[in-house]
Amino acid sequence: MRNGIHPQYGPVVFRDRAAKYAFLTRSTMTSEKTVEWEDGNTYPVVDVEISNVSHPFYTGTARVLDTAGRVERFERRYGKQG
(Lines give C-alpha, C1' and ligand atoms only; values in the text may rest on other atoms or scores of the structure.)
Protein backbone atom coordinates (compact mmCIF):
# COMPACT_ATOMS: atom_id res chain seq x y z
CA MET A 1 0.00 0.00 0.00
CA ARG A 2 1.11 3.53 -0.67
CA ASN A 3 1.92 5.73 2.30
CA GLY A 4 -0.03 8.89 3.06
CA ILE A 5 -3.20 8.19 1.05
CA HIS A 6 -5.28 6.26 3.60
CA PRO A 7 -7.39 7.86 6.35
CA GLN A 8 -6.49 7.37 9.99
CA TYR A 9 -7.98 4.20 11.47
CA GLY A 10 -8.56 4.23 15.20
CA PRO A 11 -10.95 3.63 18.08
CA VAL A 12 -14.32 5.41 17.88
CA VAL A 13 -17.45 5.19 20.04
CA PHE A 14 -20.74 4.89 18.15
CA ARG A 15 -23.73 6.00 20.20
CA ASP A 16 -27.30 5.01 19.26
CA ARG A 17 -29.46 7.93 20.29
CA ALA A 18 -32.75 6.02 20.04
CA ALA A 19 -31.74 3.16 22.35
CA LYS A 20 -29.22 4.98 24.54
CA TYR A 21 -26.63 2.34 23.64
CA ALA A 22 -22.96 2.86 22.78
CA PHE A 23 -20.19 0.58 21.58
CA LEU A 24 -16.49 1.01 21.01
CA THR A 25 -15.01 -0.11 17.71
CA ARG A 26 -12.38 0.93 15.20
CA SER A 27 -13.28 3.13 12.25
CA THR A 28 -12.01 5.81 9.90
CA MET A 29 -14.82 8.16 10.98
CA THR A 30 -13.90 11.09 13.17
CA SER A 31 -15.79 13.59 15.25
CA GLU A 32 -15.16 16.78 17.20
CA LYS A 33 -17.23 15.39 20.10
CA THR A 34 -15.54 13.12 22.60
CA VAL A 35 -16.75 10.85 25.38
CA GLU A 36 -15.03 9.19 28.29
CA TRP A 37 -15.39 5.43 27.90
CA GLU A 38 -15.62 2.76 30.60
CA ASP A 39 -11.86 2.14 30.47
CA GLY A 40 -11.16 5.76 31.44
CA ASN A 41 -9.87 6.83 28.01
CA THR A 42 -11.43 9.56 25.91
CA TYR A 43 -12.56 8.64 22.38
CA PRO A 44 -14.31 10.51 19.57
CA VAL A 45 -18.05 9.77 19.55
CA VAL A 46 -20.30 9.49 16.49
CA ASP A 47 -24.07 9.70 17.10
CA VAL A 48 -26.19 7.44 14.92
CA GLU A 49 -29.96 7.34 14.60
CA ILE A 50 -30.32 3.57 14.45
CA SER A 51 -28.21 0.50 15.20
CA ASN A 52 -28.73 -3.22 15.68
CA VAL A 53 -30.16 -2.50 19.15
CA SER A 54 -32.97 -0.25 17.91
CA HIS A 55 -33.56 -1.49 14.34
CA PRO A 56 -36.95 -3.24 14.02
CA PHE A 57 -35.51 -6.09 11.97
CA TYR A 58 -33.00 -7.05 14.67
CA THR A 59 -35.30 -6.45 17.64
CA GLY A 60 -38.08 -8.61 16.25
CA THR A 61 -40.64 -5.81 16.11
CA ALA A 62 -40.66 -5.57 12.33
CA ARG A 63 -44.10 -5.76 10.77
CA VAL A 64 -44.61 -8.14 7.90
CA LEU A 65 -47.05 -6.84 5.31
CA ASP A 66 -49.67 -9.26 4.13
CA THR A 67 -49.03 -8.81 0.42
CA ALA A 68 -50.84 -12.01 -0.54
CA GLY A 69 -53.96 -10.82 1.24
CA ARG A 70 -53.80 -7.47 -0.52
CA VAL A 71 -53.54 -9.09 -3.94
CA GLU A 72 -56.51 -11.36 -3.20
CA ARG A 73 -58.56 -8.43 -1.94
CA PHE A 74 -57.70 -6.45 -5.11
CA GLU A 75 -58.73 -9.38 -7.31
CA ARG A 76 -62.03 -9.78 -5.43
CA ARG A 77 -62.76 -6.08 -5.67
CA TYR A 78 -61.81 -5.46 -9.31
CA GLY A 79 -61.91 -8.93 -10.84
CA LYS A 80 -59.10 -11.12 -11.97
CA GLN A 81 -57.55 -10.18 -15.32
CA GLY A 82 -57.49 -13.22 -17.45
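Structure: see above.
Summary of the structure given here.

What counts, and where the lines are drawn
- All chains use their own residue numbering, which begins from 1 and follows the written sequence.
- Residues qualify for local features only when their pLDDT is at least 70, as the model is predicted, and side-chain atom pairs are given and counted only at 80 or more; totals for whole chains, interfaces and linings, by contrast, use all residues.
- For side-chain calculations, the full set of non-hydrogen atoms in the structure is used, while hydrogens and water are omitted.
- Paired rings are identified among Phe, Tyr and Trp, the last through its six-membered ring, by centres lying within 6.5 Å, and are further divided according to the angle between planes into stacked (under 30 degrees), edge-to-face (over 60) and tilted (the rest).
- The helix count covers DSSP runs of H or I at least four residues long, the strand count covers runs of E at least two residues long, and both are numbered beginning at the N terminus.
- Only protein chains enter the calculation, and the probe is 1.4 Å; a residue is then buried if its accessible area is under 20% of its type maximum, exposed if over 50%, and partly exposed in between.
- The salt bridge definition used is simple: a Lys or Arg side-chain nitrogen within 4 Å of an Asp or Glu carboxyl oxygen.
- Two strands are said to pair when DSSP picks up at least two bridges between them.

1. Structural notes on the packing of aromatic side chains
By convention here, two paired aromatic rings are described through the distance between centres and the angle between planes.
Point 1. The final tally for this structure, using the stated rule, is 3 aromatic pairs.
Point 2. Residues F74 and Y78 carry aromatic rings whose centres are separated by 5.0 Å and whose planes lie at 50° to one another, so their mutual orientation is tilted. In this pair, F74 and Y78 both sit in helix α2 (residues 67-78), 4 residues apart, roughly one turn of the helix.
Point 3. Under the relative-accessibility criterion, Y78 is labelled exposed at 53%.
Point 4. Taken together, the aromatic side chains of F14, Y21 and F23 make up a single cluster linked through ring pairs.

2. Brief notes about the pattern of salt bridges
Point 1. Following the criterion strictly, the structure yields 2 salt bridges and no others.
Point 2. Two residues, D47 and K33, come together in a salt bridge whose shortest N-O distance is 3.2 Å. Taken together, the residues span a long stretch of sequence, with D47 in strand β4 (residues 42-48) and K33 in the loop between β2 (21-27) and β3 (34-36) at a distance of 14 residues.
Point 3. Here the salt bridges share partners, and the residues they tie into one network are R15, K33 and D47.

3. Considerations on unusual backbone geometry
Point 1. Residues other than glycine seldom take positive phi values, yet K20 does so here, at roughly 55°.
Point 2. Tracing the sequence through the fold places K20 in the loop between β1 (10-16) and β2.
Point 3. Under the relative-accessibility criterion, K20 is labelled exposed at 75%.

4. Notes on the pairing of β4
Point 1. Where β1 meets β4, 4 bridges bridge the pair, whose relative direction is parallel. Among the inter-strand pairings, R15 is bridged to a residue of β4, identified as D47.
Point 2. By the bridge criterion, 3 bridges tie β3 to β4 in an arrangement that is antiparallel. Within the sheet, the bridge partner assigned to T34 lies in β4 and is P44.

Interpretation in functional terms is not warranted from these geometric data alone.
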